[in-house]
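One letter stands for each residue in the lines below.
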Amino acid sequence: MLDRLQTLEDRYNKLNEMLSDPEVISDTQKLQAYSKEQAGLEDVVQTYRKYKEVTSQLTDAKEMLDDESDEEMLEMTKAEISTLSPQKEELEEQLKILLLPKDPNDDKNVFMEIRGAAGGDEAALFAGDLYRMYSRYAESQGWKIDIMEASSTGVGGYKEIIFMIDGADVYSKLKYENGAHRVQRVPETESGGRIHTSTATVAVLPEAEEVEVDVHEKDIRVDTFASSGPGGQSVNTTMSAVRLTHEPTGMVVSIQDEKSQIKNKEKAMKVLRARIYDQVQQEAQAEYDENRKSAVGTGDRSERIRTYNFPQNRVTDHRIGLTIQKLDQIMQGKLDEFIEALLMEEQAQKLEQIGE
């Protein structure tokens, strides 16, 4: 582990030199690539430097303990050792986690697709609640949201809403949201006060660059049509809405959010590329899962992952058995407690796999 850490620090130092090179500074592509690589090494290198510093101090203190005869100095040295030893152990654990294989998608933007599932109007309302929850979380992280497509209902929810979240390390935090979300509450239309159970599904797709997905124009059928609002009401008499059909996979993406056909096609291509990229990843994950249990957050999309119980102000994540009695706060976008717990569980699983 120490050899690998030293190699990473050497690379970090080399990147520092290259980022000061006038030739690199004048080359935007190289400058961006080296800056991104250096930023990715920052945490592990700084932690490793702190580890080396604490280890050196601990070695010196132990040597002093062997040579020191003054009673007062001995006590001070023992106190220093008792402080430094747990620091060293803690830094070792941090370094093990920092050296775990990273998901190559972690720093990507995402497309989120939320759909009302079982439960009719109540499921659509819950889909709307989930969209607002993620919007508030995104706002707290300083991320930007762009709605790609929305099919709203007359009762204020969504049959389906697709939106992009743009920011730093978005996928690393939201990838755990994939799956079926269940809600238990009394609908406003329920006169008898009975609790109903409904579900909405959430899909989180990492944004795919053109170089990552081989999508040929000849494989895509493009249809245009006039966009419409809820209930079929026409909101645009021009043929600005776009439907893309990827014939090899049968995937269909329809976008009518923009008034411009060109912009709608650009958005649709982004969503289509992300879906194809996600399908390739899901197939690779299924093959991997045949040999080893998957990590948290990469399971079947149809799996029920979380229950939101409104009468008891309770949210339970079924993957890790975590229940939090703060549903009102969570629906306001305060998701950190769940996200951090899921991240820790995934790290624990990876560490366990390495130890096997």
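Residues numbered from 1 in each chain as written. Predicted model: local features only at pLDDT ≥ 70, side-chain atom pairs only at ≥ 80, totals over all residues. Heavy atoms only, no water.

## Some remarks on the packing of helix H3 (residues 28-67) against helix H4 (residues 71-98)
Packing of H3 against H4 leaves a shortest axis separation of 8 Å and a crossing angle of 155°. Considering their axes alone, H3 and H4 lie roughly antiparallel with respect to each other. In terms of crossing hand, the pair formed by H3 and H4 is left-handed. For the contact of H3 with H4, the residue count by class is 15 nonpolar, 7 polar and 7 charged. (Axes fitted to C-alpha atoms, helices over the stretch in contact; angles between N-to-C directions. Helix = DSSP H or I, 4+ residues; strand = E, 2+ residues; numbered from the N terminus. Parallel < 35°, antiparallel > 145°, perpendicular 65-115°, else oblique. Left-handed = near helix turned anticlockwise from the far one by under 90°. Nonpolar A, V, L, I, M, F, W, Y, C, P; charged D, E, K, R; others polar.)

## Structural notes on the pairing of strand E4 (residues 179-185)
The element E4 is extensively covered by neighbouring structure, given that 7 of its 7 residues are classed as buried. One ladder, built from 5 bridges, connects E4 with strand E9 (residues 304-309); its direction is parallel. Bridge assignment links Ala180 to a residue of E9, and that residue is Arg304. (Buried < 20%, exposed > 50% of the residue type's maximum accessible area, 1.4 Å probe, protein only. Pairing = 2+ DSSP bridges.)

## Observations concerning the nonpolar core
Ranked by internal contacts, the top residues of the largest apolar core, which has 32 residues, are Met112, Ile114, Leu130, Tyr134, Ile165, Leu174 and Tyr308. Those elements that place two or more of their residues in this core are strand E1 (110-116), helix H5 (121-141), strand E3 (158-166), helix H6 (170-174), strand E5 (196-206), helix H8 (327-330) and helix H9 (336-355). By residue number, the principal contributor to this core is H5, which donates 8 residues. (Core = buried A, V, L, I, M, F, W, Y, C linked by side-chain atoms within 4.5 Å.)

## Side note on H3
When the terminal C-alpha atoms of H3 are compared, their 57 Å separation across 40 residues agrees well with the 58 Å that a helix rising 1.5 Å per residue should span. If you look at H3, its biggest bend is around 45°, right at Glu42. Those residues of H3 lying buried are Tyr34, Gln38, Leu41, Val44, Val45, Thr47, Tyr48, Tyr51, Val54, Thr55, Leu58 and Ala61. On its buried face, H3 is in contact with helix H1 (2-18), helix H2 (22-25) and H4. For H3, the N-terminal cap is Asp27; the gap from its side-chain oxygen to the backbone nitrogen of Gln29 is 3.2 Å. (Expected span 1.5 Å × (residues − 1). Bend = angle between axes of the 7 residues up to and from the residue. Contact = heavy atoms within 4.5 Å. Polar contact = N/O pair within 3.5 Å; in protein donor to acceptor, adjacent residues only side chain to side chain.)

## Some remarks on the pairing of E1
Burial analysis of E1 places 5 of its 7 residues in the buried class, the great majority of the element. One ladder, built from 6 bridges, connects E1 with E3; its direction is antiparallel. Among the inter-strand pairings, Glu113 is bridged to a residue of E3, identified as Ile162. Where E1 and E5 come together, 7 bridges link them in antiparallel fashion. Across the sheet, Phe111 pairs through a bridge with Leu205, a residue of E5.

## A closer look at the pattern of salt bridges
Across all of its chains, the model carries 20 salt bridges by this definition. Two residues, Glu346 and Lys175, come together in a salt bridge whose shortest N-O distance is 3.8 Å. Of this pair, Glu346 sits in helix H9 while Lys175 is found in the loop between H6 and E4, placing the two residues 171 residues apart along the sequence. Accessibility assignment for this pair places Glu346 and Lys175 in one class, buried. We note a salt bridge from Arg319 to Asp317, for which the minimum N-O separation is 2.7 Å. For Arg319, a relative accessible area of 22% corresponds to the partly exposed category. (Salt bridge = Lys/Arg side-chain N within 4 Å of Asp/Glu carboxyl O.)

## Structural notes on a nonpolar patch on the surface
Together, Met64, Met73 and Met76 make up an exposed nonpolar region whose accessible area comes to about 260 Å². Checked against the element boundaries, Met73 lands in helix H4. Take Met73: its relative accessible area is 31%, and that puts it in the partly exposed class. (Patch = residues over 30% accessible without salt bridge, like charges linked within 9 Å, V, L, I, M, F, W, Y side chains within 5 Å. Areas by Shrake-Rupley, 256 points an atom, 1.4 Å probe, with all protein chains shown as cover.)

## Topic: the environment of Lys350
For Lys350, the position within the fold is in helix H9. Owing to a relative accessible area of 22%, Lys350 belongs among the partly exposed residues under this scheme. Each C-alpha atom, one on Lys350 and one on Leu100, is 7.2 Å from the other, the two residues being 250 residues apart in sequence. Leaving out residues up to four positions away in the same chain, Lys350 has contacts with Leu100 and Pro101.

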